[in-house]
Amino acid sequence: MLQILFDIYGYIIFFYSLLLIISYVVLMIMAEYGIFHDKEELVNEYAINIISDNPYTPGVSIIAPAFNEELTIIDNVHSLLQQNYPKFEVVIINDGSRDSTLEKLITTFDLVKVPFFYVEQLTTHPFHCMYRSKNPKYSKLTVVDKENGGTKADAINCGLNVSRYPYFINTDVDCILSKDAALQCMIPIMKDPRVIAVSGIMTLSNGCTIKGGQIVSLAPPRDYFPLFQELEYLRSFIVGKMGWSRINAMNNVSGGYGLFNKSICINAGGYSTDSFAEDMDVVMRMAGYCCEFKRPYRIVQIPKNCCHTEGPSNLKMLNRQRSRWGTGLIQCLWIHRKKIFNPKYKNMGLITMPYVLLFEFSAPIIEFVGWWVFLYLALTGGINWLSAAFVGIAAYLFAVMLSAVVIFYTIASEIEYKKLSQYTMLMLAAIVEPFFYHPFITLSAIKGYFDFIIGKKMKWKSMQRKGYAKK
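Calculation criteria
Residues numbered from 1 in each chain as written. Predicted model: local features only at pLDDT ≥ 70, side-chain atom pairs only at ≥ 80, totals over all residues. Heavy atoms only, no water. Helix = DSSP H or I, 4+ residues; strand = E, 2+ residues; numbered from the N terminus. Rg over C-alpha atoms; globule rule 2.2 N^0.38 Å. Contact = heavy atoms within 4.5 Å. Pairing = 2+ DSSP bridges. Axes fitted to C-alpha atoms, helices over the stretch in contact; angles between N-to-C directions. pLDDT = per-residue confidence, 0-100. Phe/Tyr/Trp six-rings, centres within 6.5 Å; stacked < 30°, edge-to-face > 60°. Buried < 20%, exposed > 50% of the residue type's maximum accessible area, 1.4 Å probe, protein only. Lys NZ or Arg CZ within 6 Å of the ring centre and 35° of its normal. Core = buried A, V, L, I, M, F, W, Y, C linked by side-chain atoms within 4.5 Å. Patch = residues over 30% accessible without salt bridge, like charges linked within 9 Å, V, L, I, M, F, W, Y side chains within 5 Å. Areas by Shrake-Rupley, 256 points an atom, 1.4 Å probe, with all protein chains shown as cover. Salt bridge = Lys/Arg side-chain N within 4 Å of Asp/Glu carboxyl O. Expected span 1.5 Å × (residues − 1). Bend = angle between axes of the 7 residues up to and from the residue. Parallel < 35°, antiparallel > 145°, perpendicular 65-115°, else oblique. Nonpolar A, V, L, I, M, F, W, Y, C, P; charged D, E, K, R; others polar. Left-handed = near helix turned anticlockwise from the far one by under 90°.

A.B. asks: Is there a simple way to think about the overall build of the protein in this case?
C.D. replies: When helices and strands are counted, the protein shows 14 helices and 13 strands. In terms of C-alpha radius of gyration, the protein reaches 23 Å, essentially the compact-globule figure of 23 Å for 471 residues. With the C-alpha coordinates of the protein rotated into their principal frame, the extents come out at 75 × 45 × 45 Å. When contacts within the protein are restricted to residue pairs at least 6 apart in sequence, those whose partners lie at least 24 apart make up 80%.

A.B. asks: Looking at this model, I keep getting lost on the sheet that holds strand E11 (residues 257-261). Mind explaining?
C.D. replies: Neighbouring strands of a sheet are bound in pairs by backbone hydrogen bonds; such pairs are parallel or else antiparallel. Strands sit in the order E3-E4-E5-E2-E1-E6-E11-E8-E12-E7 across an open sheet of 10 strands; the sheet is mixed. What marks the edges here is a single partner per strand, and that holds for strand E3 (111-114) and strand E7 (175-177). Neighbouring strand axes in the sheet, compared pairwise and without regard to direction, differ in orientation by 30 degrees on average. The pairing of strand E4 (residues 127-133) with strand E5 (residues 141-146) spans 5 bridges and is antiparallel. Bridged to Tyr-131 within E5 is Val-143. On top of the sheet, helix H9 (residues 278-292) reaches strand E8 (195-204), E11 and strand E12 (298-309); it is set at about 25 degrees to E11, its chief contact.

A.B. asks: Help me understand the confidence of the model for the protein, please; the structure alone is not making it clear to me.
C.D. replies: As a note on interpretation, predicted positions should not be read in detail where pLDDT is low. A residue-level look at the protein finds 94% of positions with pLDDT of 70 or above and a mean pLDDT of 88. Taken element by element, the protein is modelled with least confidence in strand E13 (residues 469-470), mean pLDDT 50, and with most confidence in helix H8 (residues 262-267), mean pLDDT 96.

A.B. asks: Please explain the packing of aromatic side chains as it appears in this structure.
C.D. replies: In this description, an aromatic ring pair is defined by two values, namely the gap between the centres and the angle between the planes. Under the definition given, this model contains 19 aromatic pairs. Plain terms: the ring middles of Phe-168 and Phe-260 are 5.3 Å apart, the flat faces sit at 25 degrees to each other, and that makes the pair stacked. Of this pair, Phe-168 sits in strand E6 (residues 167-171) while Phe-260 sits in strand E11, placing them 92 residues apart in sequence. Looking at Phe-168, the relative accessible area reads 0%, which means it is buried. Three or more aromatic residues joined by ring pairs make a cluster, and in this case those are Tyr-16, Trp-244, Tyr-355 and Phe-359. The lysine or arginine in question, Lys-140, covers the ring of Phe-88, its NZ or CZ lying 4.8 Å from the ring centre.

A.B. asks: Looking at this structure, I do not really get the nonpolar core. What am I missing?
C.D. replies: Membership of the largest hydrophobic core comes to 129 residues, with the highest contact counts inside it found for Ile-92 and Leu-141. Broken down by element, the residue count for this core peaks at 10 residues, all from helix H7 (residues 224-246). Contact partners of Ile-92, with chain neighbours within four places excluded, come to Ala-64, Ala-66, Ile-73, Val-77, Leu-80, Leu-105, Leu-141, Thr-142, Val-143, Val-144 and Val-173.

A.B. asks: Is there a simple way to think about a nonpolar patch on the surface in this case?
C.D. replies: The grouping of Tyr-11, Phe-14, Phe-15, Leu-18, Ile-22 and Val-26 at the surface amounts to a nonpolar patch, some 620 Å² of accessible area in total. Within the secondary structure, Val-26 sits in helix H1 (residues 2-38).

A.B. asks: I keep staring at H7 and nothing clicks. Help me out?
C.D. replies: At 3.6 residues per turn, the α-helix brings residues three or four places apart onto the same side. If you check H7, its first and last C-alpha atoms are 33 Å apart, about what 23 residues at 1.5 Å a residue would give, namely 33 Å. The largest bend in H7 is about 25 degrees, located at Ser-236. For H7, the buried fraction is high: 19 of the 23 residues fall into the buried class. Looking one or two places after H7, you find Asn-248, whose phi comes out positive at around 50 degrees.

A.B. asks: When you look at the pattern of salt bridges in this model, what are you seeing that I'm missing?
C.D. replies: Pairs can form between side chains of opposite charge once their charged atoms are near each other. Under the counting rule described, the total for this entry stands at 13 salt bridges. When salt bridges with common partners are traced through the structure, they connect Asp-95, Lys-146 and Asp-154 into a single cluster.

A.B. asks: I tried to follow the environment of Cys-307 on my own but got confused; where do I start?
C.D. replies: Inspection of the secondary structure assignment puts Cys-307 in strand E12. Separated by 91 residues in the primary sequence, Cys-307 and Val-216 have C-alpha atoms spaced 14 Å apart. With residues near it in sequence (within four places) discarded, Cys-307 still touches Cys-175, Ile-176, Leu-177, Ile-201, Met-202, Thr-203, Gly-256 and Tyr-257.

A.B. asks: I would appreciate a short explanation of the packing of helix H11 (residues 346-380) against helix H14 (residues 437-453) in the present structure.
C.D. replies: When two helices pack together, you describe them by how their axes are tilted relative to each other and by the distance separating the axes. Contact pair H11 / H14: the axes reach a minimum separation of 9 Å and the direction vectors enclose 110 degrees. Judged on the interaxial angle alone, H14 and H11 are roughly perpendicular. Across the interface between the two elements, Glu-360, Phe-361, Pro-364, Ile-365, Glu-367, Phe-368 and Trp-371 from H11 touch His-438, Pro-439, Thr-442, Leu-443, Ala-445, Ile-446 and Tyr-449 from H14. By residue class, the composition of the contact of H11 with H14 is 10 nonpolar, 2 polar and 2 charged.

A.B. asks: Sorry if this is basic, but what is going on with the environment of Lys-338 here?
C.D. replies: Mapped onto the elements, Lys-338 comes out in the loop between helix H10 (315-335) and H11. For Lys-338, a relative accessible area of 52% corresponds to the exposed category. Separated by 227 residues in the primary sequence, Lys-338 and Leu-111 place their C-alpha atoms 47 Å from one another. Setting aside chain neighbours within four positions, we find Lys-338 in contact with Glu-292 and Tyr-345.

A.B. asks: Is there a simple way to explain the packing of helix H12 (residues 385-412) against helix H13 (residues 424-432) in this structure?
C.D. replies: It is the contact of H12 with H13, at a shortest axis distance of 9 Å, that shows an interaxial angle of 160 degrees. The angle between H12 and H13 falls in the class roughly antiparallel. The handedness of the crossing between H12 and H13 is right-handed. Two secondary-structure elements touch here, H12 through Tyr-396, Val-400, Ser-403, Ala-404 and Ile-407 and H13 through Leu-426, Met-427, Ala-430 and Ile-431. A class-by-class count of the residues in the contact of H12 with H13 yields 8 nonpolar, 1 polar and no charged.

Quick look at the structure:
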């Protein structure tokens, strides 16, 4: 009887893996069209001048929560203030930091408290006060001090309450934005009013050199874990999000960088303050709102690197991040379960959410169970080693091939590094990733699922930063 169960499990894994490979191939094909077709539509110098001189250009609020970010806060605020978009503001939410984050902001940017009529469209933890600069150079900067809400979502909602413009960028204060980030993401909205959210590509700043809030020397991460994350981010944006964008089936815009329609976000209830996947949750809320009220919508990924973020550089921080992501994923699927296979929610409900449930959520569980099944069969002599070696090598080669395709797309479209030699370390990371990094990420996801199932209370914790190299 036990052998029959193992045989059935083997067939399930075979067909599951086959479907996963087919889905990746389809996404790669769709992403290829999106990258090389949409790259031509990115804004040029002539369009920049037209947009800058147009009095009807929509304004953008850049909202960035900060919790214990004293190492990088000044560089990042300088970066946010350097957007070459004609009408924008920067709103920093000091979410109850216990370090010198607020003090550094006040000193560096010459901030003073100002009176403000706070309208709470979205309920948040208490708002303490608002700061603005006495220096005209920083007139676009607003700093809000509030009580810590336990999640990033609470801080973003506070930023939405105080923001002035109809569109907003949700980013982190450990992010360095390209100067044309807001401009590039507003182009799809100016071309098509149905667009409610735009995602720009985000990669890691570990290894880069920063001067005046901008990257002056772009280089791959030097540490092992950020290098693996760089490859992982490129796969996610260039194959995953670019592919789903082609059929208007994106269900996630990264919490590190994304541009949104503010009124749609607020009408959909804003960010869920108890969510640990607030980036996925808010997109599902906004898309669900549009579907329920029969409002045409599009969510777009553009082939433009808009943001560099500092990734976790040690196992403790990486495990904390990925466990939280695992908790957020299962939480989000549970909250939005009525949308799965529901034609009312269009491609997101019929295609993307079933895919996320079947592959992104289930894959760590299937892998984890598979490790123990393999160990048991190995100890009891139940493995055909020739067949196992063939299947293992085939899976490994496909994983490396997928990363190689991503690197090729990145090089061909000049999305990331400008020198071919800079991709050598990424290709080496792709070769060893399945043996070291991927199993660790799988275990972290399982831990996140377990924490959700047992009802473990989680809070938004600060990530340990190294800061940036200066030039």
